[in-house]
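Below, each chain spelled out in residue letters.
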Amino acid sequence: MLMIPGPTPVPESVLSALSRHPIGHRSADFSQILAQVFTDLRWLHQTSHDLLVLCASGTGTMEAGIINCLSPGDRVVVCTNGKFGERWAEMCDAFGLKAERISAPWGEALNPELLRAHLEADSQTPANQKIKAVILTHSETSTGVINDLETLSRHIKAHGALSIVDAVTSLGATQVPVDAWGLDIVASASQKGYMMPPGLGFITMSPKAWDAYKTAKLPKFYLDLGKYRADAAQNTTPFTPAINLIFGLQAALTMMREEGLDQIFARHARLKAATRAAMRALDLPLYVEDDAIASPAITAVMPQGVGAEQLRAHLKQWFDIALAGGQDDLEGKIFRLGHLGFVSERDILTAIAALEASLSKLGHSVKPGAGITAAAQIFLHSLS
Ligand SMILES: *Cc1c(COP(=O)(O)O)cnc(C)c1O
């Protein structure tokens, strides 16, 4: 049972769609499937912009966003408050971009005022040396913090830079209205909120992003989004797509449509609230105390008096439940419980019950049933 922030559990209907025999990707049958998938993806991303599907993980998809809109030596701001923000800064270094950082400590949210001030100061800069793009992570999976993307995006728009957004653990879990928030480039990946195995990347490109594409000089070939755009207009792809993953995606999007966007987001909000209530009831300190900046996709917990790794090992061994560990400085200090994608109330109750049992087995004094009761109360409350 996967309770990690990706890959996430995959529903039976998606698994069986994946297991079909492949068909030719230049066939009319496949184009018909792609057309449906593009329509449904636009619905999920709340956008009328171009939405392209790549054979790539989230990192490859972010790379596509960066290399299609920027040139060597361009100034960019990278917002960092966790592992993924750091990765985008490293990527900028690799491509010879001049990256300036706006940071917040791990476990805290980015302060939009810092970005606003930085961008306002830049407004005096001659046009050809101005900050070209701001790269930011919406839901920082390494810490379980969600950044205020709507406000951050407003400041970026006021300045005129492009926004390049990692929405990998927010898309499909919470509101990411691409058009309403004026987001230029938004990247995500199939193994997170899409109820799919890894392998597909999704990227939206605003008209402004396409303007930047025209003059962008970083080299690109396989990830040249212009090719994907031209082919998407004909419901096809420039290279052999992951045909079976597209079958699976079609099934996953059908399930999402049946559930409805608001219901999907409300479910994630419930799962987050119940998980957090349970941790509090079990005296397990939340790594992110403030509910307002806690990600709807993932909860990080910093247990005291019992090792995070010991707990993870126990849950795996006795209950076959996989939790994620901490990364970098947080290794061994936190565990992370993913609750995004194909996750239900029942899964949360199961994981919490197993956690309670493991805690008591490891000598942590817990009131039996305290976590379950707290979580169940959240669920009962939201049913009334
Ligand atoms: C999972 C994840 C990614 C993508 O990682 P890949 O392993 O390349 O798919 C990017 N950003 C965030 C915030 C993530 O959670």
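Residues numbered from 1 in each chain as written. Predicted model: local features only at pLDDT ≥ 70, side-chain atom pairs only at ≥ 80, totals over all residues. Heavy atoms only, no water.

1. A closer look at the site of the ligand
Link 1 in the chain: Inspection of the region around the ligand gives 14 residues, with Ser 57, Thr 59, Thr 141, Asp 166 and Lys 192 positioned closest.
Link 2 in the chain: Within the contact set of the ligand, an oxygen atom lies 2.5 Å away from a side-chain nitrogen or oxygen of Thr 59.
Link 3 in the chain: Contact between the ligand and Asp 166: a nitrogen atom at 2.6 Å from a side-chain N or O atom of the residue.
Link 4 in the chain: Protein contacts shield 87% of the accessible area of the ligand, which totals 380 Å² for the unbound molecule.
Link 5 in the chain: Of all the secondary structure elements, the ones that give two or more residues to the shell around the ligand are helix H3 (58-69) and helix H4 (83-94). (Near = heavy atom within 4 Å. Polar contact = N/O pair within 3.5 Å; in protein donor to acceptor, adjacent residues only side chain to side chain. Areas by Shrake-Rupley, 256 points an atom, 1.4 Å probe, with all protein chains shown as cover. Helix = DSSP H or I, 4+ residues; strand = E, 2+ residues; numbered from the N terminus.)

2. Describing the sheet that holds strand S1 (residues 2-3)
Link 1 in the chain: In spatial order, the strands read S1-S12-S13-S11; together these 4 strands make up an open sheet with mixed pairing. A single partner strand is all that each edge strand has here, and the edge strands are S1 and strand S11 (298-301). (Pairing = 2+ DSSP bridges.)

3. Digging into the domain arrangement of the protein
Interface extent is often summarised as the accessible area lost during association of the parts.
Link 1 in the chain: Taken as a whole, the protein is organised into domain 1 (12-258) and domain 2 (261-383).
Link 2 in the chain: Of note, the centres of domain 1 and domain 2, computed from C-alpha atoms alone, are 29 Å apart.
Link 3 in the chain: Contacts between the two partners involve 25 residues from domain 1 and, on the opposite side, 23 residues from domain 2.
Link 4 in the chain: At the boundary of domain 1 with domain 2, total buried surface from both sides reaches about 2100 Å², with 66% on carbon and sulfur atoms. (Domains from an automatic or database assignment. Contact = heavy atoms within 4.5 Å. Buried area = accessible area lost by both parts, 1.4 Å probe.)

4. Some points on the side chain of Ser 71
Link 1 in the chain: One can find Ser 71 in the loop between H3 and strand S3 (75-80).
Link 2 in the chain: Using a relative accessible area of 10% as the deciding quantity, one classes Ser 71 as buried.
Link 3 in the chain: There is a polar contact of 3.4 Å between the side chain of Ser 71 and the backbone oxygen of Thr 215.
Link 4 in the chain: Setting aside its immediate chain neighbours within four residues, Ser 71 contacts Leu 97, Thr 215, Ala 216, Lys 217 and Leu 218. (Buried < 20%, exposed > 50% of the residue type's maximum accessible area, 1.4 Å probe, protein only.)

5. Considerations on the packing of aromatic side chains
Link 1 in the chain: For the structure on display, the rule yields 6 aromatic pairs.
Link 2 in the chain: Site record: aromatic cluster; members linked through ring pairs are Phe 221, Tyr 222, Tyr 228 and Phe 239.
Link 3 in the chain: Here Arg 229 stacks its cationic end above the ring of Trp 210, 4.2 Å away from the centre of that ring. (Phe/Tyr/Trp six-rings, centres within 6.5 Å; stacked < 30°, edge-to-face > 60°. Lys NZ or Arg CZ within 6 Å of the ring centre and 35° of its normal.)

6. What about the pattern of salt bridges?
Link 1 in the chain: Enumeration according to the criterion identifies 17 salt bridges in this entry.
Link 2 in the chain: With a closest N to O distance of 3.0 Å, Glu 120 and Arg 116 form a salt bridge. You can see Glu 120 and its partner Arg 116 sitting in helix H5 (residues 112-122), 4 residues apart, about one turn around the helix.
Link 3 in the chain: Under the relative-accessibility criterion, Glu 120 is labelled partly exposed at 46%.
Link 4 in the chain: Across the pair Glu 289 and Arg 280 runs a salt bridge whose closest N-O atoms are separated by 3.4 Å.
Link 5 in the chain: Among the residues examined, Arg 280 registers a relative accessible area of 35% and is labelled partly exposed.
Link 6 in the chain: The structure contains a network of salt bridges with shared partners spanning Arg 276, Arg 280, Glu 289 and Asp 291. (Salt bridge = Lys/Arg side-chain N within 4 Å of Asp/Glu carboxyl O.)

7. Details of the environment of Ile 378
Link 1 in the chain: Along the chain, Ile 378 turns up in helix H13 (residues 370-383).
Link 2 in the chain: The spacing of Ile 378 and Val 288 is 90 residues in sequence and 19 Å in space, taken between C-alpha atoms.
Link 3 in the chain: Ignoring anything within four residues of it in the chain, the contact list for Ile 378 reads Arg 270, Ala 273, Ala 274 and Ala 277.

8. Looking at the sheet that holds strand S10 (residues 200-205)
Where strands meet in a sheet, backbone hydrogen bonds hold them as pairs that are either parallel or antiparallel.
Link 1 in the chain: Taken together, 7 strands build an open sheet; the order of strands is S2-S10-S9-S8-S5-S3-S4 and the sheet is mixed. Looking along the sheet, the strands with just one partner apiece sit at the ends: strand S2 (50-55) and strand S4 (98-103). Averaged over all neighbouring strand pairs, the angle between strand axes comes to 20°, with direction disregarded.
Link 2 in the chain: Note that strand S5 (residues 131-137) and strand S8 (residues 162-166) share 5 bridges and pair parallel. From the neighbouring strand, Ala 133 faces S8, where its bridge partner is Leu 162. (Axes fitted to C-alpha atoms, helices over the stretch in contact; angles between N-to-C directions.)

9. Comments concerning the nonpolar core
Link 1 in the chain: Judged by nonpolar contacts, the single largest core of 85 residues is most densely connected at Leu 41, Leu 70, Leu 115, Val 134, Ile 135, Leu 200 and Leu 225.
Link 2 in the chain: Examining the composition of this core, we find that 9 residues originate from one element, helix H9 (residues 243-259), more than from any other.
Link 3 in the chain: Residue assignment places this core across two domains, with domain 1 (12-258) and domain 2 (261-383) each supplying three or more.
Link 4 in the chain: Beyond its immediate sequence surroundings of up to four residues, Leu 200 is in contact with Val 53, Leu 54, Ala 56, Ser 188, Ala 189, Ser 190, Ala 242, Leu 245, Ile 246 and Leu 249.
Link 5 in the chain: The next biggest cluster of nonpolar side chains, apart from the first, holds 27 residues, and it includes Val 306, Ile 352, Leu 359 and Ala 370. (Core = buried A, V, L, I, M, F, W, Y, C linked by side-chain atoms within 4.5 Å.)

10. A word on the environment of Val 178
Link 1 in the chain: As for its placement among the helices and strands, Val 178 is situated in the loop between S8 and strand S9 (185-189).
Link 2 in the chain: Using a relative accessible area of 0% as the deciding quantity, one classes Val 178 as buried.
Link 3 in the chain: Not counting residues within four places of it along the chain, the set of residues in contact with Val 178 comprises His 45, Gln 46, Thr 47, His 49, Leu 183, Val 186 and Thr 204.

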